[in-house]
Protein chains: 2
Amino acid sequence: MTSPTPPARSRPGGRSARVRAQVLDAVRAELAEHGYDGLTVDAVAARAGVHRTTVYRRWGDVGGLLADVYDAAGDDGWEAPDTGSLRGDLAALNHEIQAAMSARPPVMEALIAASFRSPAAAEAQRRLWEDRYTRCEVIVERAVRRGELPPGTDARRLLVTATAPVYHHLVLLRTPPDPALPDAAADAAVLAATAGAFAGPPPA
Amino acid sequence: MTSPTPPARSRPGGRSARVRAQVLDAVRAELAEHGYDGLTVDAVAARAGVHRTTVYRRWGDVGGLLADVYDAAGDDGWEAPDTGSLRGDLAALNHEIQAAMSARPPVMEALIAASFRSPAAAEAQRRLWEDRYTRCEVIVERAVRRGELPPGTDARRLLVTATAPVYHHLVLLRTPPDPALPDAAADAAVLAATAGAFAGPPPA
DNA sequence: CTATTAATGCGACGGTTGTTGCATTAAGAT
DNA sequence: ATCTTAATGCAACAACCGTCGCATTAATAG
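Residues numbered from 1 in each chain as written. Chains lettered and ligands numbered in written order. Predicted model: local features only at pLDDT ≥ 70, side-chain atom pairs only at ≥ 80, totals over all residues.

### Considerations on the overall build of chain A
Phase 1 of the analysis: The helix and strand tally for chain A stands at 9 helices and 0 strands.
Phase 2 of the analysis: Reading the secondary structure of chain A in the N-to-C direction produces α-α-α-α-α-α-α-α-α.
Phase 3 of the analysis: Principal-axis analysis of the C-alpha atoms places the extent of chain A at approximately 60 × 40 × 35 Å.
Phase 4 of the analysis: The buried share of chain A, taken over its 204 residues, is 39%. (Helix = DSSP H or I, 4+ residues; strand = E, 2+ residues; numbered from the N terminus. Buried ≥ 20, exposed ≤ 12 C-beta atoms within 10 Å, placed from the backbone.)

### So, the relation of the copies chain A and chain B
Phase 1 of the analysis: Turning chain A through 179° and shifting it by 0.1 Å along the axis lays it on chain B, with an RMSD of 0.7 Å. Each copy turns onto its partner about a two-fold axis. Judged by C-alpha distance, Ala-192 of chain A is the residue of chain A that lies nearest the rotation axis, at 2.2 Å.
Phase 2 of the analysis: Comparing interface residues between copies, 97% of those in chain A also sit at the interface in chain B, which points to an isologous, same-surface contact. (Least-squares fit on C-alpha atoms with pLDDT ≥ 70 in both. Contact = placed C-beta atoms within 7 Å.)

### Quick notes on the interface of chain A and chain B
Phase 1 of the analysis: Contact residues are listed per partner, giving 29 residues for chain A and 29 residues for chain B.
Phase 2 of the analysis: Listing elements by their share of the side of chain A that touches chain B, those giving two or more residues are α6 (107-115), α7 (119-146), α8 (155-173) and α9 (181-194) of chain A.
Phase 3 of the analysis: Residues of the side of chain A that touches chain B, tallied by class, amount to 21 nonpolar, 2 polar and 6 charged. (Nonpolar A, V, L, I, M, F, W, Y, C, P; charged D, E, K, R; others polar.)

### Notes on the environment of Pro-81 of chain A
Residue and element names in this part refer to chain A.
Phase 1 of the analysis: Mapped onto the fold, Pro-81 is located in the loop between α4 (62-73) and α5 (86-102).
Phase 2 of the analysis: Under the C-beta neighbour-count criterion, Pro-81 is labelled partly exposed, with 16 such atoms within 10 Å.
Phase 3 of the analysis: As for Pro-81 and Val-138, which are separated by 57 residues in sequence, their C-alpha atoms are 9.5 Å apart.
Phase 4 of the analysis: Beyond its immediate chain neighbours, meaning those up to four positions away, Pro-81 contacts Asp-89, Ala-92 and Leu-93.

### Section: the packing of α6 of chain A against α7 of chain A
All names here are of chain A.
Phase 1 of the analysis: Put simply, α6 and α7 touch, their axes get as near as 7 Å, and they point 130° apart. On the basis of their axis angle, the class for α6 and α7 is oblique. Contact residues: α6 offers Leu-111, Ile-112, Ala-114 and Ser-115, while α7 offers Ala-121, Ala-122 and Gln-125.
Phase 2 of the analysis: Partitioning the contact of α6 with α7 into residue classes produces 5 nonpolar, 2 polar and no charged. (Axes fitted to C-alpha atoms, helices over the stretch in contact; angles between N-to-C directions. Parallel < 35°, antiparallel > 145°, perpendicular 65-115°, else oblique.)

### Here's the deal with helix α2 (residues 41-48) of chain A
All names here are of chain A.
Phase 1 of the analysis: Taken together, the buried positions of α2 are Val-41, Val-44 and Ala-48. Here the buried residues of α2 occupy an arc of 65° about the axis, which is enough to place them on one side.
Phase 2 of the analysis: Residue Gly-49 follows α2 closely and has a positive phi angle near 65°. (Arc of directions from axis to C-beta.)

### Thoughts on the packing of helix α4 (residues 62-74) of chain B against helix α7 (residues 119-146) of chain B
Residues and elements named next belong to chain B.
Phase 1 of the analysis: Contact geometry of α4 with α7 gives a least axis separation of 7 Å together with a crossing angle of 15°. Between α4 and α7, the angle falls in the class roughly parallel. In this structure, α4 crosses over α7, and the sense of that crossing is left-handed. Across the interface between the two elements, Gly-63, Gly-64, Leu-66, Ala-67, Tyr-70, Asp-71, Ala-73 and Gly-74 of α4 pack against Ala-120, Ala-121, Glu-123, Ala-124, Gln-125, Arg-127, Leu-128 and Asp-131 of α7. (Left-handed = near helix turned anticlockwise from the far one by under 90°.)

### So, the environment of Gln-125 of chain B
Residues and elements named next belong to chain B.
Phase 1 of the analysis: On the secondary structure map, Gln-125 appears in helix α7.
Phase 2 of the analysis: As a C-alpha pair, Gln-125 and Ser-115 span 10 residues in sequence and 7.0 Å in three-dimensional space.
Phase 3 of the analysis: Once residues within four sequence positions are removed from consideration, Gln-125 is found in contact with Tyr-70, Leu-111 and Ser-115.

### Description of the nonpolar core
Where a protein is soluble and globular, its nonpolar side chains tend to be buried together.
Phase 1 of the analysis: By size, the foremost hydrophobic cluster in this structure holds 115 residues, and its most contacted members are Leu-66 and Ala-189 of chain A together with Ala-189 of chain B.
Phase 2 of the analysis: Beyond its immediate chain neighbours, meaning those up to four positions away, Leu-66 of chain A contacts Ala-110, Leu-111, Ala-114 and Ala-121 of chain A. (Core = buried A, V, L, I, M, F, W, Y, C linked by C-beta atoms within 7 Å.)

### Section: the environment of Ala-184 of chain B
All names here are of chain B.
Phase 1 of the analysis: Relative to the helices and strands, Ala-184 is located in helix α9 (residues 181-194).
Phase 2 of the analysis: On the neighbour-count criterion, Ala-184 (24 C-beta atoms within 10 Å) is buried.
Phase 3 of the analysis: Between the C-alpha atom of Ala-184 and that of Val-166, which follows or precedes it by 18 residues, the distance is 9.8 Å.

### A look at α4 of chain B
Side chains three or four residues apart in an α-helix point the same way, a direct result of the helix having 3.6 residues per turn.
Phase 1 of the analysis: In this model α4 of chain B runs 19 Å from its N-terminal to its C-terminal C-alpha over 13 residues, within 8% of the 18 Å that 1.5 Å per residue would give.
Phase 2 of the analysis: Those residues of α4 of chain B not exposed but buried are Val-62, Gly-63, Leu-65, Leu-66, Ala-67, Val-69 and Tyr-70 of chain B. (Expected span 1.5 Å × (residues − 1).)

### A few points about the confidence of the model for chain A
Phase 1 of the analysis: Here chain A averages 88 in pLDDT, while 91% of its residues score no lower than 70.
Phase 2 of the analysis: Low pLDDT, under 50, characterises residues 1-12 of chain A; the stretch is placed with 15 contacts to residues that sit more than four places away or in other chains. (pLDDT = per-residue confidence, 0-100.)

### Side note on unusual backbone geometry
Phase 1 of the analysis: The omega torsion across Arg-104 of chain B and Pro-105 of chain B is -5°, close enough to zero to call that bond cis.
Phase 2 of the analysis: The backbone of Arg-174 of chain A shows a phi angle near 55°, a positive value even though the residue is not glycine.
Phase 3 of the analysis: Of note, Arg-174 of chain A is situated in the loop between α8 and α9.
Phase 4 of the analysis: With 14 C-beta atoms packed within 10 Å, Arg-174 of chain A lands in the partly exposed category.

Quick look at the structure:
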């Protein structure tokens, strides 16, 4: 994959790092002001006090800029909610997702939009979600320890089942945020899980 | 305005209809060949044997073209699968979805990508999905009649729960198509539904 | 048939996007 | 201090996008 991050060991400090910080700050500011549609390389370069050519050479296009922004934001120390029950954890997670997807400026939607146009942004998005779901697996582990779920429950499949409806409504179906949806989706996933839907091998 | 003749009426037959058909065919062909990124008004007009100005005047932009393709696709007489069981219907539906999303060339993915950049395409996509889910409600009605589900089951919520994981993996998570996923997602939804997850009002 | 007029064809324009060749700057090595 | 070279600045360029005014075509009315 093409990495827009600064060269590994050529000149890590100094101007390059400063320019990168200026540009990424400018991207975030432009994104907050004008959204993804209004995010142009020219505006970013101008705000960063950098020439357009520099941006084009180091990041390629808008998708590359967003990929770098989200790579930089990937290490925010996020942790899965811990409410004491499986249903509570999943519901809290879904509320977080709905809040993030409905937040303004719609940075999440911007990354998703960019991921369809730039392989770099698509890969950054894939990494971000992979990381998030991995961090959520502890929710299932705790539930198994509590005896809420049968041992051997597939954490990833349960998590996807619980969260996918929220993403589906907000991203693809584009229905307005439904306050009841996060809890309802969590509830359905818990019922399926306690019925053993995610234990053992997938059905033939 | 100068004559008592009835309000100016369009000319549905003849050249206009022919041009529209030519252009929409060209859009589909260009989409299949170059994907959404390579879809330009110029190429569409050239392939359709039509001048660029005509396309700009009637459709406005690429998003308008895609929206028209969406609308044209809505009248294809699609019907929900009918296999004799709820689980079979949902699994067949999920297999259809996975096949459509994995089809090469990825026209469905191109249409989704377009929906993030054009309000017109987004609205057309929303209408198409609304129509599809409405046509699928008969699956739940049949299952209730068979006694597989409790009366009062919320068809829409069940359908979304069954199908959302497939979309989530293929569109957002971008994992390679999993042959077991359609059946597994259908299975989990059936288990949740038989447990009463979609009967009665949503949880508090 | 002729007249009307909506739809299309045509060429040109300004604006934007992304690229390229070359000059300049500055970080790191000696 | 001096040298080397990667990174940046700069300007010009081609390509594309969308719009406009005007000429031409063709569908429909009378």
